[in-house]
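Inside the fold
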Amino acid sequence: MADKQGWKRLGAGALWVLALTVAALLMTFAQHTPEARWLGWVTLLPLFFAIRELSPSRAALGAGWWGLCLCLFSSIGPFHSLPFAPRSFAFLACVPALYAFLGALQTRRVGFSPLILGLGWVGVELALQPLAMRHGLLASTQDGGLALRVLGFVGGWFLVSFFIAYVNASLLEMLTVACGMILAEDRPAYERLRLVRVIIRELYLADCTHCLRPMAPRPPPAF
């Protein structure tokens, strides 16, 4: 029984390492490939998932590995944007590790908050400024659409990075809720699908439909 549990933990650890490695590769790909800019909106999902599910120390180890892989992919091969130097590896390993450690601590205390994690990512971008990366990590994955240009004009690329990190964390939260409803064992399949549609509509369309709904006519004032 103990051997079986050990193999399960080993398999889960290998899966975490693989997911974080692929996420780092996809971020590097998004930074240098115009056709893959959309990956910037989902490439932080494994990192945020580790922050939410793992202990602070394990989340820090995972984020440190993610940063090392990101630096490696950005230093060699066709995506040569960082010098292959110990300074680059140190910054990209330690800064995300500290962010993940603090993010996991905050999650254990007050819950998973996309807003707080998005604000914390601005600190990551500030701490990585000595590497002289143009537009940082997240903002460099985008090609400057109209909405992002407006955000960049108002608050600089730090605000753009906050928004992208916030969207990544919010997407993880939405997917978690949807998967929980789909996999609920006490509901039939058609009921699970209906609930997923309802929650998506409530999250993204309820406010808009409320604003667009015509107002009822007012009665005359009573004297």
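Now for a look at the structure at hand. (Residues numbered from 1 in each chain as written. Predicted model: local features only at pLDDT ≥ 70, side-chain atom pairs only at ≥ 80, totals over all residues. Heavy atoms only, no water.)

1. Let's talk about the overall build of the chain
- A tally of regular secondary structure across the chain gives eight helices and zero strands.
- The order of α-helices and β-strands along the chain, N terminus first, is α-α-α-α-α-α-α-α.
- Residue burial in the chain is summarised as follows: out of 223 residues, 39% are buried.
- Sequence separation of 24 or more characterises 68% of the internal contacts of the chain that already satisfy a separation of 6 or more.
- Summing over all exposed atoms, the chain offers an accessible surface of approximately 13,500 Å²; the carbon and sulfur share of this is 71%. (Helix = DSSP H or I, 4+ residues; strand = E, 2+ residues; numbered from the N terminus. Buried < 20%, exposed > 50% of the residue type's maximum accessible area, 1.4 Å probe, protein only. Contact = heavy atoms within 4.5 Å. Areas by Shrake-Rupley, 256 points an atom, 1.4 Å probe, with all protein chains shown as cover.)

2. A closer look at the packing of aromatic side chains
- The final tally for this structure, using the stated rule, is six aromatic pairs.
- Their ring planes at 70 degrees and their centres at 6.2 Å tell us that W66 and W121 sit as a pair that is edge-to-face. One end of the pair, W66, is in helix α3 (residues 56-75); the other, W121, is in helix α5 (residues 114-127), and 55 residues separate them in sequence.
- Residue classification places W66 among the buried residues on the basis of a relative accessible area of 0%.
- Of the residues examined, W121 reaches a relative accessible area of 0% and is grouped as buried.
- A cation sits over an aromatic face here: R52 above F112, 5.9 Å from the ring centre. (Phe/Tyr/Trp six-rings, centres within 6.5 Å; stacked < 30°, edge-to-face > 60°. Lys NZ or Arg CZ within 6 Å of the ring centre and 35° of its normal.)

3. What to know about a nonpolar patch on the surface
- A contiguous nonpolar patch, built from L15, L18, V22 and L26 and spanning about 350 Å² of accessible area, is present on the exposed surface.
- The topology assignment puts L18 in helix α1 (residues 2-32). (Patch = residues over 30% accessible without salt bridge, like charges linked within 9 Å, V, L, I, M, F, W, Y side chains within 5 Å. Salt bridge = Lys/Arg side-chain N within 4 Å of Asp/Glu carboxyl O.)

4. Points about the nonpolar core
- Judged by nonpolar contacts, the single largest core of 39 residues is most densely connected at L44, F48, W66, L92, W121, L128 and L137.
- Residue assignment for this core shows that the elements contributing at least two residues are α1, α2 (45-53), α3, α4 (86-110), α5 and α6 (146-182).
- With residues up to four places along the chain from it excluded, the contact list for W66 reads L20, A23, A24, M27, L44, L47, P96, W121 and L137. (Core = buried A, V, L, I, M, F, W, Y, C linked by side-chain atoms within 4.5 Å.)

5. Details of the environment of Q129
- Here Q129 is to be found in the loop between α5 and α6.
- Residue classification places Q129 among the partly exposed residues on the basis of a relative accessible area of 43%.
- In the structure, Q129 is positioned 38 residues away from F91 in sequence and 9.7 Å away in space, judged by C-alpha atoms.

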